[in-house]
Amino acid sequence: TDWFQNPAVRVNEGIVFLTGQTDSDQRKEWAGKLAGNTENVVAVVNQIEIDPLPFWDMTPAWQELRGLGSYAIQRLPHILAGLLFLALAWAMSGLASKGTENLFRRRFRSRFLSDVARRTVAVLVFLFGVFLALRVSGLTGVAMTVLGGTGLIGLAIGFAFRDIAENFLASILISMQRPFSAGDRIQVAGYEGFVQSVNTRATLLMTIEGNHVQIPNATIYKDTITNLTANPNSRFDFAVGIGYDDNISKAQSIIQEVLREHPAVVDDSELLVLVDSLGAATINLRVYFWVNISEHSGLKVRSSVIRMTKTALDNAGISMPDEAREVVFPGGVPVKMIEKELPKADDKQEVEEESTSHSAEGDLSSEATEIEQQAKRARSPEPGENLLDTGSA
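Residues numbered from 1 in each chain as written. Predicted model: local features only at pLDDT ≥ 70, side-chain atom pairs only at ≥ 80, totals over all residues. Heavy atoms only, no water.

Q: Teacher, can you tell me more about the overall build of the protein here?
A: When you go through the protein residue by residue, the secondary structure sums to 10 helices and 11 strands. Counting every position in the protein, which comprises 393 residues, the buried fraction comes to 30%. (Helix = DSSP H or I, 4+ residues; strand = E, 2+ residues; numbered from the N terminus. Buried < 20%, exposed > 50% of the residue type's maximum accessible area, 1.4 Å probe, protein only.)

Shown next, in the form of structure tokens:
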């Protein structure tokens, strides 16, 4: 067998003594069984020594290589068929990618969504082709190992990068549903600002103060979103108190006239001047009006309307008492007259006229224009593809 070195067999009264050297326990055991199966053998004394091969002996490796070579030659037709299937899978994945891109380009406004769909279909087709190629090559075990390993790797990656995967999926859903567009003013997660861009990780807002805020897409998708520019008209209100001696209807008419004449107030909307409450020294009115915030700033217009309302009420002689300092005496108060020259009627103060906008209020235009200009000058904290851009590649 060439398995043993210096083998010797000695028999004494039916007892077999084996000596020599071999390189493994299995071969030593085989020799003992061979001697024990011989007729008239009473017992076997196996004194063969184990002499392992030196570590530089490459005989086992060469034997394995020869075995693999023989197996490869036998499986060569199957391997060639598997390679052919692999080439077909590569070509089919390319065709599937182009077909998917053409199909979804018309369905999705965002190039990002069509690109994700295209890559997903191409990868699935190619993986299926690899599986078939391994099966045809006779490597069924390898094919199952690849599939199982892919699943385990995907599961491990999913746990390790859960937040990243969650934000990526949320970016896909945001691109599909499009609850807002670039330039919209929204309130979400306690922040308010103008949408600058959406990437695969976060949504970038620029606040009224000019600060960049990056909110994870998963938070955007799960939180309540208030889109302040989806409807260009937004309602504002303020309170004004008039004296108990003043005519309420007259005050309401004066304020309504101010609202109608204001160019920034939406004229085809309902302008309300309602009696809100009866205070300690004033009758409190609540004024409601609408502003097109895509063209005008709500804060500026509200300031302008309050200023013009105060002037109009002053010119009409309607008082606006201060509840903290004015005290009403229902029974009257005795007054002692002091001789002093009273002002003449001609000395009466001229009626004040107010302009629509004041230099302190600016031109009443929307902040969106200023924010847009600042955004162009600012450095983007997270550059990358804007998923809200329909022309992005």
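Okay, back to it.
Q: Is there a simple way to explain helix α1 (residues 25-36) in this structure?
A: Working note: α-helix, 3.6 residues per turn, so residues spaced by three or four point in the same direction. In this model α1 runs 17 Å from its N-terminal to its C-terminal C-alpha over 12 residues, within 8% of the 16 Å that 1.5 Å per residue would give. Of the residues making up α1, those classed as buried are Ala31, Gly32 and Ala35. For α1, the arc enclosing every buried residue in end-on projection is 95°, short of the 170-degree limit, so these residues lie on one face. Across α1 from its buried face, at more than 90 degrees, point the exposed residues Gln26 and Lys33. The inward-facing, buried residues of α1 contact β1 (4-12), β2 (15-22) and β3 (43-50). (Expected span 1.5 Å × (residues − 1). Arc of directions from axis to C-beta. Contact = heavy atoms within 4.5 Å.)

Q: Please clarify how the packing of helix α8 (residues 248-261) against helix α9 (residues 298-315) should be interpreted in this entry.
A: How two helices sit against one another is set out by the angle between their axes and by the gap between those axes. Interhelical geometry of α8 versus α9 gives an angle of 135° and a closest axis separation of 10 Å. When the axes of α8 and α9 are compared, the pair comes out oblique. When the axes of α8 and α9 are compared, the crossing they make is right-handed. Where α8 abuts α9, its residues Ala251, Ile254, Ile255, Val258 and Leu259 lie against Val305, Met308, Thr309, Ala312 and Leu313. (Axes fitted to C-alpha atoms, helices over the stretch in contact; angles between N-to-C directions. Parallel < 35°, antiparallel > 145°, perpendicular 65-115°, else oblique. Left-handed = near helix turned anticlockwise from the far one by under 90°.)

Q: I keep staring at the sheet that holds strand β9 (residues 233-243) and nothing clicks. Help me out?
A: Strand pairing in a sheet relies on backbone hydrogen bonds. The paired strands run either parallel or antiparallel. Reading across the sheet, the three strands line up as β9-β11-β10 and stay open at both edges, with antiparallel pairing between neighbours. Since the sheet does not close on itself, it has two edges, and those belong to β9 and β10 (272-278), each with one partner. Between one strand axis and the next, the sheet turns through 25° on average, direction left out of account. One ladder, built from 11 bridges, connects β9 with strand β11 (residues 282-292); its direction is antiparallel. The residue bridging Ala239 from the neighbouring strand is Arg286, located in β11. (Pairing = 2+ DSSP bridges.)

Q: When you look at the side chain of Ser269 in this model, what are you seeing that I'm missing?
A: The topology assignment puts Ser269 in the loop between α8 and β10. A distance of 2.7 Å separates a polar side-chain atom of Ser269 from the backbone oxygen of Val266. (Polar contact = N/O pair within 3.5 Å; in protein donor to acceptor, adjacent residues only side chain to side chain.)

Q: Help me out: how do you make sense of the nonpolar core in this one?
A: Burial of nonpolar side chains together is a common tendency in soluble globular proteins. The biggest cluster of nonpolar side chains holds 26 residues, and the ones touching the most others in it are Ile255, Leu285, Val287, Phe289, Val301, Val305 and Leu313. Only β9, α8, β11 and α9 provide two or more residues apiece to this core. Those residues in contact with Leu313 that sit more than four places away from it in its chain are Val240, Ala251, Ile254, Ile255, Ile318 and Met320. Ile174, Val198, Leu205 and Val213 belong to the second-largest nonpolar core, a separate cluster that totals 10 residues. (Core = buried A, V, L, I, M, F, W, Y, C linked by side-chain atoms within 4.5 Å.)

Q: Help me understand the packing of aromatic side chains, please; the structure alone is not making it clear to me.
A: What characterises a pair of aromatic rings is the spacing of the ring centres plus the angle enclosed by the ring planes. Overall, the coordinates contain four aromatic pairs when judged by the stated rule. Consider the rings of Trp3 and Trp30, whose centres lie 5.3 Å apart with planes at 70°: the pair is edge-to-face. Remark: Trp30 occurs in helix α1 and Trp3 occurs in the segment before β1; sequence separation between them is 27 residues. Note on Trp30: relative accessible area 38%, which makes it partly exposed. Between Phe236 and Phe289, the aromatic rings sit 6.3 Å apart at their centres with planes inclined by 25°, giving stacked as the arrangement. Taken together, the residues span a long stretch of sequence, with Phe236 in strand β9 and Phe289 in strand β11 at a distance of 53 residues. One exposure class covers both Phe236 and Phe289, and it is buried. Taken together, Phe236, Phe238 and Phe289 form an aromatic cluster joined through their ring pairs. (Phe/Tyr/Trp six-rings, centres within 6.5 Å; stacked < 30°, edge-to-face > 60°.)

Q: Please clarify how the pattern of salt bridges should be interpreted in this entry.
A: Close approach of charged atoms allows side chains with opposite charge to pair. For the structure on display, the rule yields six salt bridges. As a salt-bridge pair, Glu29 and Lys33 come within 3.5 Å of each other at their nearest N and O atoms. Of this pair, Glu29 and Lys33 are both found in helix α1, four residues apart, which corresponds to roughly one turn of the helix. Overall, the relative accessible area of 51% leaves Lys33 in the exposed class. A salt bridge links Asp237 to Arg286, with the nearest nitrogen and oxygen atoms 3.0 Å apart. Taken together, the residues span a long stretch of sequence, with Asp237 in strand β9 and Arg286 in strand β11 at a distance of 49 residues. On the basis of relative accessibility, which here comes to 31%, the residue Asp237 falls in the partly exposed class. The exposure class assigned to Arg286 is partly exposed, which follows from its relative accessible area of 23%. (Salt bridge = Lys/Arg side-chain N within 4 Å of Asp/Glu carboxyl O.)

Q: What is the right way to look at the confidence of the model for the protein in this model?
A: Detailed reading of the predicted coordinates is not advisable wherever pLDDT falls low. Across the protein, the average pLDDT comes to 80, with 76% of residues at or above 70. Taking the mean pLDDT of every element in the protein, the minimum, 62, falls on helix α5 (residues 140-160) and the maximum, 94, on α8. Here residues 345-349 scores under 50 on pLDDT; set against residues more than four positions off or in separate chains, the count is zero contacts. (pLDDT = per-residue confidence, 0-100.)

Q: Explanation requested: the environment of Arg260 in the structure shown.
A: The residue Arg260 is located in helix α8 in this model. As a C-alpha pair, Arg260 and Leu271 span 11 residues in sequence and 8.0 Å in three-dimensional space.

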